[in-house]
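# Results of the structural survey
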Amino acid sequence: QVQLVESGGGLVQAGGPLRLSCAASGRTFNSYNMGWFRQAPGKEREFVAAISSSGGTTYFPDSVKGRFTISRDNAKNSVYLQMNSLKPEDTAVYYCAADRRTYSISKIPGRYDYWGQGTQVTVSS
């Protein structure tokens with residue numbers, strides 16, 4: 001069982017940066033691939049970034065590639081999402097998630113076993 005708590009959301013102007021954090025409970029954090037997703041009102045949950053259990057592999061969709069980075073600190077049971085050059089269309093609730101199937105990184109929400117409660121990110125134009 002893993003419990004996830006996101007933090008770092010807020011209001012930011014377009015073009016600015018924001019860093020999200022996700023703290024995980026439990027002693028097996030380094031056994032999970034981790035992902036970030038977002039969901040805007042009226043839209044489906046969208047994949048944003050993922051990182052392998054060791055941190056050696058990352059994966060991004062084209063919509064955020066070059067602007068967002070994902071990292072993790074297994075000693076601190078934490079995963080981070082650094083967002084730069086934010087756009088109004090990045091406005092959404094951002095969720096971190098844990099996937100115990102570490103043989104591959106997934107962009108599919110249904111693959112993830114545990115989810116945080118989400119943190120709101122609002123980008124003003």
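Check the entry above for the structure.
A brief look at the structure comes next. Note that residues are indexed from 1 along each chain, following the sequence as it is written. Residues qualify for local features only when their pLDDT is at least 70, as the model is predicted, and side-chain atom pairs are given and counted only at 80 or more; totals for whole chains, interfaces and linings, by contrast, use all residues. Note: side-chain values were computed over all heavy atoms of the structure, leaving out hydrogens and water.

## Describing the overall build of the chain
Quick reminder of the rule: Put simply, DSSP H or I for four residues or longer makes a helix, DSSP E for two residues or longer makes a strand, and each gets a number counted from the N terminus. For this measure, only C-alpha atoms enter the radius of gyration; the expected value for a globule follows 2.2 Å times N^0.38, where N is the number of residues. In this scheme, a residue with accessible area under 20% of its type's maximum is buried, one over 50% is exposed, and one in between is partly exposed, where area comes from a 1.4 Å probe on protein chains only. Any pair of residues with heavy atoms lying within 4.5 Å of one another is described as a contacting pair. Here the open area of atoms and residues is found with the Shrake-Rupley method and a 1.4 Å probe, where only the protein chains shown may cover a residue. Counted as positive: Lys and Arg. Counted as negative: Asp and Glu. His and the chain ends are not counted at all. Charge positions are represented by NZ for Lys, CZ for Arg, CG for Asp and CD for Glu.
Helix and strand counts for the chain come out as zero helices and 11 strands. Along the chain, helices and strands appear, N-terminal first, in the series β-β-β-β-β-β-β-β-β-β-β. Against the globule reference of 14 Å for 125 residues, the chain gives a C-alpha radius of gyration of 13 Å, in line with a compact fold. Relative to its 125 residues, the chain shows a buried fraction of 45%. Partitioning the contacts of the chain with sequence separation of at least 6, the portion at a separation of at least 24 is 58%. Total accessible area on the chain stands at roughly 6300 Å², and carbon and sulfur atoms take up 47% of it. Between the averaged position of the 14 positive side-chain charges in the chain and that of its 9 negative side-chain charges there is a distance of 4 Å.

## Topic: the pairing of strand S1 (residues 4-7)
This is how the line gets drawn: Only strands that DSSP links by at least two bridges are regarded as paired with each other.
Taking every second residue as pointing to the same face, the buried face of S1 carries Leu 4 and Glu 6, while none of Val 5 and Ser 7 on the other face is buried. Direction of pairing for S1 relative to strand S3 (residues 18-24): antiparallel, over a ladder of four bridges. Bridge pairing in S3 places Glu 6 opposite Cys 22.

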